[in-house]
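Each chain is listed here by its residues.
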Amino acid sequence: MNSDRHHDPKRPAQHRWAIPVMVSLLTLLAALTAWCGVNAAQLSPQLTDMLHRVFVAREFDAKVFGPARWLKGGESYSTVEPSANIQGAKEIVKYDTATGVRELLVSAAELIPANAKAPLTIDDYSWSKDMKRVLVFTNTRRVWRQNTRGDYWVLDLTTKKLVQLGARAAPSSLMFAKFSPDGSKVAYVRDQNIYAEDLDHGSIVPLTKDGSPTLANGTSDWVYEEEFNVRDGFRWSPNGRCIAYWQIDSSREEVFPLIYDTGGPYDIVTHIPYPQYGLYPHLKNVPYPQPGTRNPAAKIGVVKVSGGPTRWINVPGDPRDNYIPYMAWAANSEDLILQHLNRLQNTDDVLLAEAQSGSVVQILRDHDDTWVDLVDDLQWVHGGKDFLWPSEKDGWRHVYMISRDGKQSRLVTPGQFDVIHLEGVDPQDTWAYYIASPQNASQRYLYRSRLDGPGEAERVTPSNPAGTHAYQISPDFNWAIHSFSASDLPPVTDLVTLPGHQVKRILEENHELRSKIAPLFEQPTEFFRIDIPDGVTLDGWMIKPRVFDPAKKYPLLVHVYGEPAAQTVLDRWADEQGMFHRLIADQGYIVASVDNRGTPAPKGRAWRKIIYGSVGVLSSKEQAAAVLALEKTRAYIDPNRTAVWGWSGGGSNTLNLMFRYPGVYKVGMSVAPVPDQRLYDTIYQERYMGLPQENAEGYREGSPINFAEGLQGHLLLVHGSDDDNVHFQGSELLINRLVELGKPFDMMDYPGRTHSLSEGKETHYHLFSLLARYLEEHIVPGPEPVE
């Protein structure tokens, strides 16, 4: 590694800070915020206008088809469309799948509540099995990452009666409302308790009564929702007589206080703090377990819909040192199937539980020396006699058919490739359909394999076009709503036949957007592979300026993530962030991204799991090696003008790269980072790093705060002060460390914003303008002659 490249310390005086050691942190943050907002260089009017069009006017947002629901096994489908009679309103329509004949099912006028003037906004909807009732989700607000709380209304299509569920409840207080299998009832969560409401008689039965801020029934606390995707925390039995649910007790967790200095959390609709908090700071205590500390305790209960006591499932072990990340009815109304993870998350026991007695039996164990991934795509076949189970036990993520008692197992998808996601099995139990991409880890295609014996995987998606394909398959597996996008092509959604993949009709083409972006996309995204030391080859993409001369040298901006949660090298439409990268390239920069080992690319278990115990170390090493290799093999990249930026885990890797490889990176822009891995949540950090009590050195080596003395270049640190995911605490500690070291840096605090930095009007516009401005100020754009 070439480490003798040093950042030029000569900066204009107004861009250097002499910070007295005794100055208060609040004064420091105010000064830094003012510096970033006032004294920074101004962007060109053209770039400012384009950023406004992307992030404020939303001119480049892709249209999305739906939400769509398959009806009658696939004979037809419903979707939401603009009303023909009420401006700005939506209605629900049905299309015959084969003929395309349209029928209005729910008009906007039918969704106007009594004493109201406007129809309900349809944020989501679902149908009763007999199609006589529709459940409309509206007035939604976010809980953690998703809009999971809101108001639910039921429209009876026979009587045209529109009724709000839990009508005596406060607005936006219901969660996860779901029809019973026969459509006669709806169950939902309110104030941490589960209720069942009879739609014929209007009676409401509380199924649990002990819910509290620290005891959640039918929902979850932060870590289960964030890391295991347990948001919908209850399940109707197939016969509609019982409900199985999670109960999560966070009463013994450590509490993390979020301080809203500007008055309170933001309302995501009005983009201003909720008015009830007034002028004084508001304190919100959130149970949040940091690595090595006490976890929430989860258990599974079953309760009759008519009410009565809960039968608890006898899951073994200490519930605070084990997890239950998955629960579902086991293809009948008598048994449940659970996944039971140990604290280290390297052993997943599959349990079959009797709902009536609560007894359990272990039918399968999946173990790995590093970690095992949660299986959220388990599928029952042969009437519940067998189930399909993805596992990496042979070095690739393959699908196995397991007998109900766990005694028999057979490989369904042989070959040296990963099954990315199991989509389902046809009604005849003949074919398993799944997403895979054996030849290119940046793309996604539909494949299928026979259940009755080994054989070659059959590709269903045609060879062209290349990119990312997604499918919403009909229950009869004769049709699919198919969406395709690529890095330079906005999504196109069509209706296709299966398995022939013949296009029946276009559902959403995004034609206007494709025409609008054409001038910016004259230079296509280049996907490449780059060799680094130790015989490793990494995937990457690169965007060059529209006006590009390979005989000249250009500055490089690297977008990094590099952790096990996500890839950045994906051949798919990247929405506003992709547009930002295009605009930056248009200013005269090369923009690139590389996936190091340890990212979740479909390249086999060894690729993904090599990062275990060394998150932050391996990623920064391979990211820096990739940049050096690019500079060596591509003479048009200027090694003296390299910048890096990333968000969340990418923000952490930005810090690691700036601190560990100062000779490579001259500018770093770190958004919402984790400077110290001991500060993040138990489930994520312990999954990939083990317990801090057992891997203290790994946590120290992977945490960028411990290498801050290496900073030489220009560093911009950005964070929302009320980030409920990656807490502001980490950035504050890093600020203290940088001040202690006498290191100049720049800081932007977004008050009251969470991890997404999306709250408040025009926050993303301000953020991405700040990133563009900081880059232009410290890395001169445009080409320079090759020496």
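The structure under discussion appears in the preceding block.
All of the points below concern the structure found in this document. Note that the coordinates shown come from a computational prediction; the quantities given were computed from them, not determined experimentally. (Residues numbered from 1 in each chain as written. Predicted model: local features only at pLDDT ≥ 70, side-chain atom pairs only at ≥ 80, totals over all residues. Heavy atoms only, no water.)

## Here we look at the overall build of the chain
Part 1 of the argument: Within the chain, the secondary structure is distributed over 12 helices and 44 strands.
Part 2 of the argument: For the chain, the spread of C-alpha atoms along the principal axes amounts to about 75 × 60 × 60 Å.
Part 3 of the argument: By residue count, 59% of the 787 residues in the chain fall in the buried class.
Part 4 of the argument: Put simply, of all contacts in the chain between residues at least 6 apart along the chain, 60% involve residues at least 24 apart.
Part 5 of the argument: Carbon and sulfur atoms provide 51% of the accessible area of the chain, an area that totals close to 32,300 Å².
Part 6 of the argument: Measuring between centres, the 79 positive side-chain charges of the chain sit 2 Å from its 97 negative side-chain charges. (Helix = DSSP H or I, 4+ residues; strand = E, 2+ residues; numbered from the N terminus. Buried < 20%, exposed > 50% of the residue type's maximum accessible area, 1.4 Å probe, protein only. Contact = heavy atoms within 4.5 Å. Areas by Shrake-Rupley, 256 points an atom, 1.4 Å probe, with all protein chains shown as cover. Lys, Arg positive; Asp, Glu negative; His and termini not counted. Charge placed at Lys NZ, Arg CZ, Asp CG, Glu CD.)

## So, the pairing of strand β30 (residues 445–450)
Part 1 of the argument: With 5 of its 6 residues buried, β30 lies for the most part within the structure.
Part 2 of the argument: As paired elements, strand β29 (residues 431–436) and β30 share 6 bridges and run antiparallel to each other. Looking at β30, one finds that W431 is bridged to R450.
Part 3 of the argument: Taken together, the 2 bridges between β30 and strand β31 (residues 458–459) define a ladder with antiparallel strand orientation. Bridging across to β31, R448 finds its partner in E458. (Pairing = 2+ DSSP bridges.)

## Quick word on the side chain of N653
Part 1 of the argument: With respect to the secondary-structure elements, N653 resides in helix α8 (residues 649–660).
Part 2 of the argument: Of note is the side chain of N653, whose polar atom sits 2.6 Å from the backbone oxygen of Y561.
Part 3 of the argument: Among all residues touching N653, those that are not within four sequence positions of it are V560, Y561, G562, E563, G616, S619 and S620. (Polar contact = N/O pair within 3.5 Å; in protein donor to acceptor, adjacent residues only side chain to side chain.)

## Some details on empty space enclosed by the protein
Over the atoms, a rolled probe matching the size of one water molecule traces out where space is still vacant.
Part 1 of the argument: Going through the model one piece at a time under the given rule, you end up with 3 cavities of 30 Å³ or more.
Part 2 of the argument: Considering only enclosed or pocket space, the largest cavity measures out at about 50 Å³ in volume.
Part 3 of the argument: What lines the largest cavity is simply Y288, P673, V674, P675, D676, L679, Y680, V726, H727, Q729 and G730.
Part 4 of the argument: Tallied by class, the residues present in the lining of the largest cavity amount to 7 nonpolar, 3 polar and 1 charged.
Part 5 of the argument: Roughly 40 Å³ of internal volume is contained in the second largest cavity.
Part 6 of the argument: Taken together, V558, A592, V594, Q623, A626, V627 and L630 make up the full set of residues lining the second largest cavity.
Part 7 of the argument: Looking at the lining of the second largest cavity, the elements that each hand over two or more residues are β39 (590–595) and α7 (617–633).
Part 8 of the argument: Of all the elements, α7 adds the most residues to the lining of the second largest cavity, at 4 residues. (1 Å grid on protein atoms, 1.4 Å probe; cavity = no way out; pocket = protein on both sides within 12 Å on 5 of 7 lines; lining within 4 Å. Points joined across faces, edges and corners; volume = space filled by probe spheres on them. Nonpolar A, V, L, I, M, F, W, Y, C, P; charged D, E, K, R; others polar.)

## Some words on the packing of aromatic side chains
Part 1 of the argument: On inspection of all chains with the given rule, the structure shows 24 aromatic pairs.
Part 2 of the argument: Measuring from centroid to centroid gives 5.8 Å for Y245 and W312, while their planes differ by 65 degrees, and the two rings are edge-to-face. One end of the pair, Y245, is in strand β15 (residues 242–249); the other, W312, is in strand β19 (residues 311–312), with 67 residues separating them in the sequence.
Part 3 of the argument: Take W312: its relative accessible area is 27%, and that puts it in the partly exposed class.
Part 4 of the argument: Aromatic pair Y684 and Y688: ring centres 4.9 Å apart, planes at 75 degrees, arrangement edge-to-face. Taken together, the residues Y684 and Y688, both in helix α9 (residues 682–689) and 4 residues apart, mark about one turn of the helix. For the pair Y684 and Y688, a shared accessibility class is recorded, and that class is buried.
Part 5 of the argument: Following the ring pairs from residue to residue traces out a cluster consisting of F55, F580, W645, W647 and F768. (Phe/Tyr/Trp six-rings, centres within 6.5 Å; stacked < 30°, edge-to-face > 60°.)

## Some points on unusual backbone geometry
Part 1 of the argument: Geometrically, the link from G66 to P67 is a cis peptide bond, its omega value of 10 degrees lying close to zero.
Part 2 of the argument: Its place among the elements puts P67 in the loop between α2 (45–55) and β1 (69–71).
Part 3 of the argument: Cis geometry marks the peptide bond from L498 to P499, where omega comes out at 5 degrees.
Part 4 of the argument: Position of P499 among the secondary structure elements: in the loop between β34 (489–497) and β35 (503–508).
Part 5 of the argument: Although it is not a glycine, N115 sits at a positive phi angle of roughly 70 degrees.

## Notes on the pattern of salt bridges
It is possible for side chains bearing opposite charge to pair when their charged atoms get close.
Part 1 of the argument: Summed over the entire model, instances satisfying the criterion amount to 40 salt bridges.
Part 2 of the argument: Here K609 and D368 are joined by a salt bridge, their closest N and O atoms 3.6 Å apart. In this pair, K609 sits in helix α6 (residues 605–609) while D368 sits in the loop between β23 (360–367) and β24 (379–381), placing the two residues 241 residues apart along the sequence. Per residue, the accessibility class of K609 equals that of D368, and both read buried.
Part 3 of the argument: Residue K603 pairs with D539 through a salt bridge whose shortest N-O separation is 3.0 Å. Within this pair, whereas K603 is found in the loop between β39 and α6, its partner D539 is found in strand β37 (residues 536–543), the two being separated by 64 residues in sequence.
Part 4 of the argument: Owing to a relative accessible area of 10%, D539 belongs among the buried residues under this scheme.
Part 5 of the argument: Through salt bridges with shared partners, one network takes in D368, E392, D418, R605, R608 and K609. (Salt bridge = Lys/Arg side-chain N within 4 Å of Asp/Glu carboxyl O.)

## So, the sheet that holds β23
Part 1 of the argument: Ordered in space as β20-β21-β22-β23, the 4 strands form an open sheet in which the pairing is antiparallel. Each edge of the sheet is formed by a strand with only one pairing partner; in this case those strands are β20 (322–329) and β23. Within the sheet, the average angular offset between the axes of one strand and its neighbour, ignoring direction, is 20 degrees.
Part 2 of the argument: Pairing geometry for strand β21 (residues 335–342) and strand β22 (residues 347–354), over 7 bridges, is antiparallel. If you follow I337 over to β22, its bridge partner there is L352. (Axes fitted to C-alpha atoms, helices over the stretch in contact; angles between N-to-C directions.)

## What about the packing of helix α5 (residues 575–586) against helix α12 (residues 763–778)?
Part 1 of the argument: Two numbers describe how α5 lies on α12: the axes approach to 11 Å, and their chain directions differ by 30 degrees. Judged by the inter-axis angle, α5 sits roughly parallel to α12. The interaxial crossing formed by α5 with α12 has right-handed handedness. Listed contacts from α12 to E576, F580 and I584 of α5 are H764, F768, L771, A772 and L775.
Part 2 of the argument: When the residues that make up the contact of α5 with α12 are grouped by side-chain class, the tally is 6 nonpolar, 1 polar and 1 charged. (Parallel < 35°, antiparallel > 145°, perpendicular 65-115°, else oblique. Left-handed = near helix turned anticlockwise from the far one by under 90°.)

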